[in-house]
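Structure assessment
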Amino acid sequence: MKISIIIPAYNVENHLQKAVDSVFSTGYPDIEVIIVDDNSIDNTYVIARKIEQKHGEAVRVLKSPGNINQGASAARNIGVENAAGELVSFLDADDWYLENRF
């Protein structure tokens with residue numbers, strides 16, 4: 001069963017990589033990570049794109065529409081609208097999963 005992990009991201013350039021790494025450290029075999037950049041003003045979007053390139057189809061980066069921060073709830077909703085998994089899990093970009101999460 002595929003799990004879509006939604007990560008709303010706003011100005012979290014120092015935390016995003018650890019959050020994504022923690023998702024893959026769970027070892028769950030069928031995961032997609034959707035990072036929704038909420039118009040960050042730091043390098044969050046650039047880092048997210050590098051993570052996307054590293055992981056290929058397992059990671060997608062989306063951007064909130066407009067040029068303003070719309071908040072974590074709006075970013076989560078964008079992620080859910082684009083999720084392909086049968087299950088959805090949320091992860092804040094400055095948090096991480098333990099290895100036995102799933």
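All values derive from a computational prediction rather than experimental measurement.

1. So, the side chain of Ser 22
When you line up the elements, Ser 22 lands in helix α1 (residues 16-25). Residue Ser 22 is classed as buried on the basis of its relative accessible area of 7%. Ignoring sequence-local partners within four residues, the contact set of Ser 22 consists of Leu 91, Trp 96 and Tyr 97.

2. So, unusual backbone geometry
Despite not being glycine, Asn 11 has its phi angle at roughly 50°, a positive value. Of note, Asn 11 is situated in the loop between β1 (3-9) and α1. At Asn 39, a residue that is not glycine, the phi angle is positive and equals roughly 60°. Structurally, the position occupied by Asn 39 is in the loop between β2 (31-37) and α2 (44-55). The class for Asn 39 is buried, based on a relative accessible area of 9%.

3. Re the side chain of Thr 26
When you line up the elements, Thr 26 lands in the loop between α1 and β2. Assessed through its relative accessible area of 13%, Thr 26 is described here as buried. Setting aside chain neighbours within four positions, we find Thr 26 in contact with Ile 31, Tyr 97, Leu 98, Glu 99, Arg 101 and Phe 102.

Conventions we followed
Counting of residues starts from 1 at the beginning of each chain's written sequence and follows it residue by residue. At least 70 in pLDDT is required for a residue's local features to be given in this predicted model, at least 80 for side-chain atom pairs to be given and counted, and no such filter applies to totals for whole chains, interfaces and linings, which use all residues. For side-chain calculations, the full set of non-hydrogen atoms in the structure is used, while hydrogens and water are omitted. Numbering of helices and strands runs from the N terminus, with a helix taken as a DSSP run of H or I at least four residues long and a strand as a DSSP run of E at least two residues long. When accessible area is computed with a 1.4 Å probe and restricted to protein chains, residues below 20% of their type maximum are described as buried, those above 50% as exposed, and intermediate ones as partly exposed. Whether two residues are in contact is decided by their heavy atoms: any pair within 4.5 Å suffices.

Such coordinate-based values are descriptive only and should not be taken to indicate function.
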